[in-house]
Amino acid sequence: KMHLLINKKKIYLYLLIFFTLSTLVNINYSKNLQEFFNLKYIVIDGLEHEYQNKLKEDLNLFKNKNILFISAHELSDILEKYNEFESYKIQKIFPFKLKVEIKETEYIAKTIINGKEFLVGKNKKFIELKNFALDQHVPLIFGNFPIDSFMNLQENLKKNNFDLDIINNYFYFKSDRWDLEIEKNITIKLPKNNQFEALKTYQLLQKKNKIKEKSIIDFRLPKKIIISND
């Protein structure tokens, strides 16, 4: 999501002054006036130092360009390349400053694609794990999964107040079905359909202390629950 904040009354005033003076005064003064609106400063908030430097390098191509004519489309083309961003807000501060506020996405899992490690963002994007200092524990996803299928699973888990922190691994199957491997070596085999109801039933079994360590709880068969233990 991108927001570009501009005071429209101010920009119209600046444009009026700019074009009026450009036609009335001599060429040298007009040139000085144009340069007065050239972008000189770029301020970035909400990013760690490493990402700030990288983004500044990318945005530096707008340096010394007239801030009045730098479009939102041009800026968004650069910012959209960063899968790490959940949202961003761009503010033109006249006459020569650009402020960019970034909100990084939350990292909810990691996976392997073509032999490379990627983080999975809450923004439904994959972020390649390059020199990334990951301070939080995130589970691993096995299988070639569609991102929408995983997000749907996340939504059903949250609706059932499932503690996501106890999930160690997710396993995706081509039939569009998921297994969860959680703490205490417990495996939950979810059905392709009625995923929400299966998770709700699991929570009830858990509250009644029906689940032991190393249990496999199988919801794959319609209207049946199979619980087995090592």
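Check the entry above for the structure.
Residues numbered from 1 in each chain as written. Predicted model: local features only at pLDDT ≥ 70, side-chain atom pairs only at ≥ 80, totals over all residues. Heavy atoms only, no water.

Some thoughts on the overall build of the chain
Scanning the chain from N- to C-terminus turns up 6 helices and 13 strands. Sorting the 230 residues of the chain into buried and exposed places 38% on the buried side. For the chain, the computed accessible surface area is about 14300 Å², with 50% contributed by carbon and sulfur atoms. (Helix = DSSP H or I, 4+ residues; strand = E, 2+ residues; numbered from the N terminus. Buried < 20%, exposed > 50% of the residue type's maximum accessible area, 1.4 Å probe, protein only. Areas by Shrake-Rupley, 256 points an atom, 1.4 Å probe, with all protein chains shown as cover.)

A closer look at the packing of aromatic side chains
Two aromatic rings are characterised by how far apart their centres lie and by the angle between their planes. Taken as a whole and assessed by the stated rule, the structure comprises 13 aromatic pairs. Ring centres 5.7 Å apart and planes at 50 degrees place the aromatic pair F150 and W178 in the tilted group. Of this pair, F150 sits in helix α5 (residues 147-159) while W178 sits in strand β10 (residues 177-182); the two residues are 28 residues apart in sequence, bridging distant segments of the chain. According to the relative accessible area criterion, W178 is buried, its value standing at 0%. Here the aromatic cluster, defined as three or more aromatic residues joined through ring pairs, consists of F126, F145, F150, Y170, Y172 and W178. (Phe/Tyr/Trp six-rings, centres within 6.5 Å; stacked < 30°, edge-to-face > 60°.)

Some thoughts on unusual backbone geometry
Negative phi is the rule for most residues except glycine; trans is the rule for most peptide bonds. P95 follows F94 through a cis peptide bond whose omega is 15 degrees. Relative to the assigned elements, P95 resides in the loop between β3 (85-93) and β4 (97-104). The backbone phi angle of N161 is positive, close to 55 degrees, even though this residue is not glycine. With respect to the helices, strands and loops of the structure, N161 is situated in the loop between α5 and β9 (167-173). If you check the backbone angles, K214 has positive phi at about 60 degrees while not being a glycine. A relative accessible area of 41% means that K214 is categorised as partly exposed.

Quick notes on helix α3 (residues 49-59)
Three or more residues of α3 are buried, namely Y51, L55 and L59. On an axial view of α3, the arc spanned by its buried residues comes to 70 degrees, and they lie on one face. Along α3, the residues that are exposed and aim more than 90 degrees away from the buried face are H49, E50 and E57. (Arc of directions from axis to C-beta.)

What to know about the environment of N64
As for its placement among the helices and strands, N64 is situated in the loop between α3 and α4 (72-79). Distance in space between the C-alpha atoms of N64 and Y41 is 9.4 Å, their sequence separation being 23 residues.

Describing the side chain of Q195
Summarising the element assignment, Q195 is placed in helix α6 (residues 195-207). A relative accessible area of 9% means that Q195 is categorised as buried. Ignoring any residue separated from it by four or fewer positions in sequence, one finds Q195 in contact with N152, L153, N156, W178 and L190. (Contact = heavy atoms within 4.5 Å.)

So, the pattern of salt bridges
This structure, assessed with the given rule, holds 11 salt bridges. Among the salt bridges present, the one from D58 reaches K54, with a minimum N-O distance of 3.1 Å. Here the residue D58 and the residue K54 both occupy positions in helix α3, the gap between them amounting to 4 residues, near one helical turn. Residue classification places D58 among the partly exposed residues on the basis of a relative accessible area of 23%. Three or more residues joined by partner-sharing salt bridges are found here, namely D45, K89, K99 and E101. (Salt bridge = Lys/Arg side-chain N within 4 Å of Asp/Glu carboxyl O.)

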